[in-house]
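Notes for the structure review
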Amino acid sequence: MQAYNLNHIRELESESIFVMREVAAQFERPVLLFSGGKDSIVMTHIALKSFSPARIPFPLLHIDTGHNFPETIKFRDSLIERINAQLIVGYVQESIDSGRAKEETGPNASRNVIQTVTLLDTIEKYGFDAAIGGGRRDEEKSRAKERVFSHRDFFGQWDPRNQRPELWNLYNGRKKDGEHFRVFPLSNWTEMDVWQYVLMENIEMPSLYFSHTRECVNRKGVLLAKSDYIELMEGEKWEEMRVRFRTIGDMSCTGATLSDAETVEEIILEVAAAINTERGSRADDKRSETSMEDRKKEGYF
């Protein structure tokens, strides 16, 4: 890796460490949102560096849709044990059972949307006043509007017109009772930056990110992995493919990409040549032109 890139990545790391420490200083009950994906893993690594040699001073929160990749849950539990962190899990199934959320039906059904209910309920239950997320501005157009300290109202909603200015490295965490913030330490990172940092720091990643053989179905250009949560439509069939995942979420809507990249170095080369964004393989983002922004206004990550 070139020296220029090394300096660039270290500057991003320093900024993220500063944000982590600002969260610990300004808020009483922060929590780190953990999905088991690369961004949340990198955030956890940065949190460890931010407060070393002490433990991470806030818990990790995973919203479990019940439709996770088994590899994600296995990796999550192994990581939590290794770093001796506190893990809180909010279950979407409990939201459905209690009548707080209604499960979608049909071949394109997904729990990805209704996990917002579980997230907001969990934030309220534990009284969290800051939720640290792995969102990056390069991922999607609505996320490009985000501040590092993103204000949420009493209902957990996001108003892109009502955000505080962020001058230099000054972050305003003032809030009223019942309000909270979403904080994005990786906001200025790109997918390439994340993978270069993973290589630089030798961070362990789930096997899903590396090329492997898996049965998938091509649904309108999205390669969905075979699972109990996907119902084949007329004319569809499972096909064995060599794939990996650029983003990890609910199995019902997270698409794979054809790939032979088996190492972090090969992934970096692949990302450099990619013409589609990593969220271009997410079926939930294709429901409408404003699907992500609509969900964020309702309280999504």
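Residues numbered from 1 in each chain as written. Predicted model: local features only at pLDDT ≥ 70, side-chain atom pairs only at ≥ 80, totals over all residues. Heavy atoms only, no water.

Quick look at the nonpolar core now. Counting residues in hydrophobic clusters, the biggest one holds 57 residues, and the most contacted among them are Met20, Leu32, Val42, Phe149, Trp195 and Met205. Among the domains, domain 1 (8-192 + 290-298) and domain 2 (203-285) are the pair contributing at least three residues each to this core. For valine 42, the contacting residues outside a window of four places in its chain are Leu186, Trp189, Val194, Tyr197, Val198, Ile203 and Met205. In terms of nonpolar packing, the next biggest core, distinct from the first, is built from 13 residues, Ile63, Leu119, Ile123 and Ala131 among them. (Core = buried A, V, L, I, M, F, W, Y, C linked by side-chain atoms within 4.5 Å. Buried < 20%, exposed > 50% of the residue type's maximum accessible area, 1.4 Å probe, protein only. Domains from an automatic or database assignment. Contact = heavy atoms within 4.5 Å.)

The mixed open sheet is built from 6 strands, whose spatial order is β3-β2-β1-β4-β6-β5. The open sheet has two edge strands, β3 (87-91) and β5 (149-152), and neither has a second partner. Neighbour-to-neighbour, the strand axes of the sheet open up by a mean angle of 30°, direction not taken into account. Examined bridge by bridge, strand β1 (residues 30-33) and strand β2 (residues 60-64) share 2 bridges and lie parallel to one another. Counted as the bridge partner of leucine 32 is leucine 60 from β2. Here helix α2 (residues 38-51) sits on the sheet and contacts β1, β2 and β4 (130-132); the angle it forms with β1, its principal contact strand, is near 140°. Along the sheet, helix α5 (residues 115-126) contacts β1, β2, β3, β4 and β6 (180-183); its crossing angle with β2, the most-contacted strand, is approximately 145°. (Pairing = 2+ DSSP bridges. Helix = DSSP H or I, 4+ residues; strand = E, 2+ residues; numbered from the N terminus. Axes fitted to C-alpha atoms, helices over the stretch in contact; angles between N-to-C directions.)

Let us look at the confidence of the model for the protein. Averaged over the protein, the pLDDT score is 88; the fraction of residues at 70 or greater is 90%. Per-element confidence in the protein ranges from a low mean pLDDT of 57 for helix α8 (residues 291-298) to a high of 98 for β1. (pLDDT = per-residue confidence, 0-100.)

For a regular strand, side-chain orientation follows a simple rule: the groups alternate between the two sheet faces. Every second residue of β1 is oriented toward a common face, with Pro30 and Leu32 on one face and Val31 and Leu33 on the other, all of them buried. Looking at chain direction, β1 and β4 are connected through 3 bridges and run parallel. Paired with proline 30 across the bridge in β4 is alanine 130. In terms of handedness, the path from β1 via α2 over to β2 forms a crossover that is right-handed. (Right-handed = clockwise from strand over helix to strand, strands pointing away.)

All right, on to unusual backbone geometry then. Serine 52 connects to proline 53 through a cis peptide bond whose omega is 10°. A positive phi angle is found at asparagine 202, which is not glycine, with a value near 55°. Classification of asparagine 202 as exposed rests on a relative accessible area of 69%. Even without glycine at this site, lysine 220 takes up a positive phi of about 55°.

As a further point, take the packing of α2 against helix α6 (residues 191-201). Between α2 and α6, the shortest axis-to-axis distance is 11 Å and the interhelical angle comes to 50°. Classified by the angle between their axes, α2 and α6 sit oblique to one another. Relative to α6, the crossing made by α2 is left-handed. Between α2 and α6, the residues in contact are Lys38, Asp39, Val42, His45, Ile46 and Lys49 and Glu191, Val194, Trp195, Tyr197, Val198 and Glu201, respectively. (Parallel < 35°, antiparallel > 145°, perpendicular 65-115°, else oblique. Left-handed = near helix turned anticlockwise from the far one by under 90°.)

As a further point, take the side chain of serine 252. Among the structural elements, serine 252 can be located in the loop between β9 (239-244) and β10 (255-258). What makes serine 252 buried here is its relative accessible area of 8%. Here the side chain of serine 252 touches serine 110 through a polar contact of 3.1 Å, side chain to side chain. At 2.5 Å, the side chain of serine 252 and the side chain of aspartate 250 are in polar contact. (Polar contact = N/O pair within 3.5 Å; in protein donor to acceptor, adjacent residues only side chain to side chain.)

Quick look at the side chain of aspartate 129 now. Locating aspartate 129 in the fold gives a position in the loop between α5 and β4. A distance of 2.9 Å separates the side chain of aspartate 129 from the backbone nitrogen of glutamate 28, its partner in a polar contact. Excluding residues within four positions of it along the chain, aspartate 129 makes contact with Phe27, Glu28, Arg29, Pro30, Lys175, His180 and Phe181.

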